[in-house]
Structure formats: C-alpha cells, structure tokens
Amino acid sequence: MNTKRLFRLDNLTFIAALLGLAAGFWLPEFSIRVGFLGDIFLTLLRMMIIPLILVSVFLAVAKQSAQGELSKIGYKTLGYFISTSALACLTGMLAANLLPDAAPAVTAFKGYDASKIESVSYEQLILSFFPSNPVKALANGEIIQIVIFSILMGLACIRLEAKKRDLLINISDAGHDLIMTVIQWVLVIAPLGIFSLVAATIAKTDAGSLSGLGWLFAAIGVAAATHCLITLPAFGFIMGRFHPYKFIWNVKEALLVALATASSSATLPVSTRVLEENEKVSPKTTGFVLPLGATLNMDGSALYQVLVVLFLGRLAGVDFSIGQQFLVFIFVMLSSSGTAGIPGGGLMMMGAMLQMLGIPLELIGIYLLVDRFWDPPITAINVMGDLFGTKIIDRFIKADAVKSPVNHTSDILTSNGYLEPNKT
C-alpha cells in the first residue's frame, strides 16, 4: 500500500523536482542538454490550455439553472480575489517598509535599454480585456479575452430554448471529456518534464549576479512565506473550514508544475485535476473560478511588485509618503490583475509605475534580474491563491445547494457538481 502511494503521480513529480534541483547544481552541462524534454512537456500543456478554458468556462456559465445562481458564484469569486490580493499587497508593503537602508552595486545591473518600455494607460489596460476578434484571441492565446468571450457565450446560451441549449451543452460536455483525456496522457510524463525544467533553470542561473540583493531577497521570501503559510491557510480554515496544510499537500503537484513552468495558465490543467480528484471540488466550480484566477487573481504578483517598486524607490532616494504608498497600492492592485491581457505586461506595468513615481527607469535592470529568480515562486503563489479560492468557493456553492432546494425545484445536483434538469 505504501509503495503504491509512493509511486502516485504527484509524489513522483515531487521527487523529480528534488532530483532536478540536485542535477542543476552538480550536473549543469547534462541539465542544459536535457532541458528540451521540459520544453516538450510545457508545449504539450500549453496546447491544451485554450481548449480547456474555452469549454470549461462556457460549461460553468451555461449550466447554471438561472442567472441568480451565476451571480452568487461570481460575487463570491470576485470578493475572494480582491480580499486576498489586497492582503498580499499590504504584506509586501509592510516588508518593504521594514527593509534596512542597504543598496546593491547598481553599476552591476546594466544592459537593458529602459527607453524601450512602452507606457500603459488605464484605458489600454481595460480595453485589453475585450476581444475585437475572438479568433485572433484564440490564435494568440489571449487568456483573459478568451475567458470574457466564453462567459458571454455561456450567458447567451442560458437564453436559448431548451432543445438548442441542451445540444450545445452536450457537445461541450463531450469536448471537455475529450480534452481531459488528452491532459491525463500529457501528465504521465510530468515527472520527466519537471525534472528537466528544474534542472535546466538551476544550471542556467548565475548566482554571482544576485550578490548585493540579499535584503530584497529576504524581504520577498518572508512576505511570500507569510502569505502562503499564514494568510491563505487562515482563509481556508476560517472560510473554507478545511485543514489548510493538508490541502496544500494534496494539491502539491499543481504547485510544483507552477514552480517549474512559471506559468499560471500552463498549470491550469493540473490544478483542475488535483482539485477534482484529490479534493472532490465540483467541475462547475473549477471550470469557472480557475480560469478567472489564472488571469485575475495574482496574489504573488501583487505582493512582489509592490515590494520591488518601493525597494527601487529607496535606491533612487525617493522618500515615499503615506499617500504615495497608497497610490502604489491601488496601481499594483489594478496592474497585477490586468497584465495577463498585455504581452510583456509585467515589465510594461513596472516601467509605468517607476515613471509615475519619478524613479529612474534605468533601475528596471534590477527588476529584470530579480525577476529571473522570483518569477517561478511568485507564479506558484498565484496558483496557490487560485487553489484555495476554488476550494473555499466550492464549499459555499455546495452549502447553498443544500440550504435552498426550493430555489432549484426543477433541478438536481449531480455527482459531478453540475445542476441538471430533474427528469422526475
């Protein structure tokens, strides 16, 4: 029995990540050579992202028995996203204000032309959420635009006559099952892919280039640990009423994939599977919350960006007032949830914040250097926030379904978590 548990896919993935870490340190040449295996795994995952989001979001919206049901899950999801992102941002601000006055050798961070950064306006940010051409959005992998398009199609499906609505839902159901079957095949090679990605990343990292940034790294580490081990578990324990650390262990495979790929979107298929299989979260909840979370709920990004901005400001001699820090808080809250809609959005929004605060753009080189190391861990925090949120919201949805049977007299809650017409 213990042997069977040891060779479960999530445990093998964890072991592979540890082996990749060791190989990156001790066998750098070998690690770089086998890096292409990780690229194959990542490419196969990305191949399934767009079809999965398109179908799962459509089904999650279209299968609601009424728009009142949809508004309930929507409000709860939005409330969770705003709450956790705000707390993450405040944690980063606190860590930045506790940093001692220590500066790295700024002369070591040259080579990036800050003039290449484009300015980003709020109008451009909001406009980027909406697809002018859905086919182009699908081809370019514009996740947030695809999510909005799928929501609109799902809402329209609710308004169709029953025969046509059922036909569309049945076709989409079959497509969802087909996609999940392919994803299961891809995940068979997850341990090999994770080993290659981790090993190649460690082998390519120049530890010497990170000297002088010790305090910044320590502050990010402490803030990240606080959010992962205190804030999110508190949400899970109080609102979700589940054991948060046992939950983290059960979904560790998704966190490891996020850490290895540095992509919330690429982790989406794995997050869906571990929540539905290991935590028994309904497909209705995962199909709606996870795709939105992959683009809008960026706890780690909010924590990280505000800390780095305030740190760079101190390097430039900027003495931030309370009002200026509040402005940074608002801007980071907006940008961390919107940069998924803009190619290179993280870099562009960082440049926009530096300009707004009067911080020399040349310091963007430090951000780029630090980001090479922290991008994977911050992505894992983003994914962890999505996982906790989906589990918490699923608890409320199931509780509402049990408490309010009168509101669904024509529906029944099926074993897979969807509301279906009652045939009796």
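Residues numbered from 1 in each chain as written. Predicted model: local features only at pLDDT ≥ 70, side-chain atom pairs only at ≥ 80, totals over all residues. Heavy atoms only, no water.

A. A look at the packing of aromatic side chains. Evaluated as defined, the whole model comprises nine aromatic pairs. For the ring pair F242 and F247, a centre distance of 5.1 Å and an interplane angle of 50° mean the geometry is tilted. By relative accessible area, F242 is classed as buried at 10%. Judged by relative accessible area, F247 falls into the buried class, the value being 2%. Ring geometry for F247 against F388: centres 4.9 Å apart, planes inclined by 65°, an arrangement best described as edge-to-face. Of the two residues, F247 sits in helix 12 (residues 244-250) while F388 sits in helix 19 (residues 364-403), which places them 141 residues apart along the sequence. (Phe/Tyr/Trp six-rings, centres within 6.5 Å; stacked < 30°, edge-to-face > 60°. Buried < 20%, exposed > 50% of the residue type's maximum accessible area, 1.4 Å probe, protein only. Helix = DSSP H or I, 4+ residues; strand = E, 2+ residues; numbered from the N terminus.)

B. Representation of the pattern of salt bridges within the structure. The full count for this structure, using the stated rule, is four salt bridges. Taking the shortest distance from any N to any O, the salt bridge between E253 and R273 comes out at 2.4 Å. Placement of E253 in helix 13 (residues 252-261) and of R273 in helix 14 (residues 264-278) is noted, with a sequence separation of 20 residues between them. Each member of the pair, E253 as well as R273, carries the same accessibility label: buried. Between R273 and E277 there is a salt bridge, with its nearest N and O atoms 3.3 Å apart. Here E277 and R273 lie together in helix 14, a separation of four residues that amounts to about one turn. Classification of E277 as partly exposed rests on a relative accessible area of 38%. Connected through salt bridges with shared partners, the residues E253, R273 and E277 form a single ionic network. (Salt bridge = Lys/Arg side-chain N within 4 Å of Asp/Glu carboxyl O.)

C. Structural context of empty space enclosed by the protein. Applying the stated criterion to the full structure yields three cavities of 30 Å³ or more. By volume, the second largest cavity amounts to about 50 Å³. Looking at the second largest cavity, it is lined by 11 residues, and the ones nearest its centre are L52, S56, T272, T286 and G287. Counting only elements with at least two residues in the lining of the second largest cavity, the list comes to helix 4 (35-62), helix 14 and helix 15 (283-296). With four residues, helix 15 is the largest single contributor of residues to the lining of the second largest cavity. In the lining of the second largest cavity, the residues fall into five nonpolar, five polar and one charged. (1 Å grid on protein atoms, 1.4 Å probe; cavity = no way out; pocket = protein on both sides within 12 Å on 5 of 7 lines; lining within 4 Å. Points joined across faces, edges and corners; volume = space filled by probe spheres on them. Nonpolar A, V, L, I, M, F, W, Y, C, P; charged D, E, K, R; others polar.)

D. Quick look at the nonpolar core. Of all hydrophobic cores here, the largest spans 109 residues; its most connected members are L307, L312 and V370. Setting aside chain neighbours within four positions, we find L312 in contact with L354, I359, L363, I366 and Y367. Judged by nonpolar contacts, the second largest core, of five residues, contains A16, A23, V34 and A199. (Core = buried A, V, L, I, M, F, W, Y, C linked by side-chain atoms within 4.5 Å. Contact = heavy atoms within 4.5 Å.)

E. Seen up close, the side chain of D394. Locating D394 in the fold gives a position in helix 19. At 2.7 Å, the side chain of D394 forms a polar contact with the side chain of T285. Apart from residues no more than four positions distant in its own chain, D394 is found in contact with K280, V281, S282 and T285. (Polar contact = N/O pair within 3.5 Å; in protein donor to acceptor, adjacent residues only side chain to side chain.)

F. Examining the environment of P269 more closely. You can see P269 is positioned in helix 14. Owing to a relative accessible area of 0%, P269 belongs among the buried residues under this scheme. Sequence-wise, P269 and R46 are 223 residues apart; in three dimensions their C-alpha atoms are separated by 9.3 Å. If we skip the residues at most four places from it in the chain, P269 touches L45, L52 and I183.

G. The packing of helix 14 against helix 15, seen in detail. Contact pair helix 14 / helix 15: the axes reach a minimum separation of 10 Å and the direction vectors enclose 155°. Judged by the inter-axis angle, helix 14 sits roughly antiparallel to helix 15. For helix 14 against helix 15, the interelement crossing comes out right-handed. From helix 14, S264, L268, S271, T272, L275 and E276 reach across to helix 15, where they touch P283, T286, L290, P291 and A294. Class assignment of the residues belonging to the contact of helix 14 with helix 15 gives a composition of six nonpolar, four polar and one charged. (Axes fitted to C-alpha atoms, helices over the stretch in contact; angles between N-to-C directions. Parallel < 35°, antiparallel > 145°, perpendicular 65-115°, else oblique. Left-handed = near helix turned anticlockwise from the far one by under 90°.)

H. Fine view of the confidence of the model for the protein. This prediction gives the protein a mean pLDDT of 79; 78% of its residues lie at or above 70. Per-element confidence in the protein ranges from a low mean pLDDT of 44 for strand 1 (residues 411-413) to a high of 96 for helix 12. Taken together, the stretch residues 103-120 has pLDDT below 50 and engages in 31 contacts with residues farther than four places along the chain or on a different chain. Segment residues 406-424: pLDDT under 50, and 36 contacts once partners within four positions in sequence are set aside and those in other chains are kept. (pLDDT = per-residue confidence, 0-100.)

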